[in-house]
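# Architecture and fold: a report
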Amino acid sequence: MRIPILLYHSISKIKQKTSVDKENFKKQMKLMTKLGYKSINLQDLFINQDKKKFVITFDDGYEDIFEYAFPILKELNLKATCFIPSNQIGKFNDWDKNKANYIKKKIMNLDQIIMWIKNGFEIGSHSLDHKNLTELNFNEKAKQIIESKKFLMEKLNIDVKSFSYPYGSFDKDCCEIVNQNYQF
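Read on for a plain summary of the structure. (Residues numbered from 1 in each chain as written. Predicted model: local features only at pLDDT ≥ 70, side-chain atom pairs only at ≥ 80, totals over all residues. Heavy atoms only, no water.)

### Here we look at the overall build of the chain
Looking only at helices and strands, the chain has 5 helices and 7 strands in total. When the elements of the chain are put in sequence order from the N terminus, they spell out β-β-β-α-β-β-α-β-α-β-α-α. Its C-alpha atoms give the chain a radius of gyration of 16 Å, near enough to 16 Å, the size a compact globule of 184 residues would have. In terms of overall dimensions, the chain has C-alpha extents of about 45 × 40 × 30 Å along its principal axes. When the 184 residues of the chain are sorted by exposure, 47% land in the buried category. By element, 49% of the accessible surface of the chain is carried by carbon and sulfur atoms, the whole surface being about 10,000 Å². Distance between charge centroids for the chain: 6 Å, based on 30 positive and 23 negative side chains. (Helix = DSSP H or I, 4+ residues; strand = E, 2+ residues; numbered from the N terminus. Rg over C-alpha atoms; globule rule 2.2 N^0.38 Å. Buried < 20%, exposed > 50% of the residue type's maximum accessible area, 1.4 Å probe, protein only. Areas by Shrake-Rupley, 256 points an atom, 1.4 Å probe, with all protein chains shown as cover. Lys, Arg positive; Asp, Glu negative; His and termini not counted. Charge placed at Lys NZ, Arg CZ, Asp CG, Glu CD.)

Structure representation (structure tokens):
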């Protein structure tokens, strides 16, 4: 069975290249529920027996996800998975600062992430520092992938089962390390 996975980065009030405005996001979520889909966290992929299910994911853990998407998801009784670069919690998206259209965006803080979890949403790893893993040696890749999981598990007292590659970039070594340490 094919399961749609909707990937977002930012939900915003203003038009940005990697953002969906909050009203459009709400329309998309309402459409999925109207079509009979039920959202699930990635970790529930194989235990949820609903035939029409979908997954909502957010990369980077921007604070605007908590501010705008979180209330919509709660209102519509939807689930989602947010991938956090663990060393960036409560900081900013400095990894983008050399891009031409850089917009400084705050990353969720620990209290927001804890509230996210308490409401039944999932947290996954997005590495330690949001580095392009394909540009690192094997040991640096392993550190970025494994240490981020350890940090999130210890700090949040959760089981971290999923990983999202920063920039969507990966190679054979990255896949090997992720497959040994994550379910998704």
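On we go.
### Considerations on the packing of aromatic side chains
Taken as a whole and assessed by the stated rule, the structure comprises 13 aromatic pairs. When the centroid spacing of 4.8 Å and the interplanar angle of 15° are considered together, the rings of phenylalanine 66 and phenylalanine 70 count as stacked. With a gap of 4 residues between them, phenylalanine 66 and phenylalanine 70 both fall in helix 2 (residues 63-75), about one helical turn apart. In this pair, the class of phenylalanine 66 matches that of phenylalanine 70, namely buried. Each member of the aromatic cluster is reached from another via a ring pair, and the members are Tyr8, Phe25, Phe58, Phe66, Phe70, Trp116 and Phe121. (Phe/Tyr/Trp six-rings, centres within 6.5 Å; stacked < 30°, edge-to-face > 60°.)

### Points about the side chain of serine 10
Tracing the backbone through its elements, the reader meets serine 10 in strand 2 (residues 10-12). At a separation of 3.0 Å, a polar atom in the side chain of serine 10 contacts the side chain of lysine 105. Setting aside residues up to four positions removed in sequence, serine 10 forms contacts with Gln16, Thr18, Ser19, Val20, Tyr62, Asp64 and Lys105. (Polar contact = N/O pair within 3.5 Å; in protein donor to acceptor, adjacent residues only side chain to side chain. Contact = heavy atoms within 4.5 Å.)

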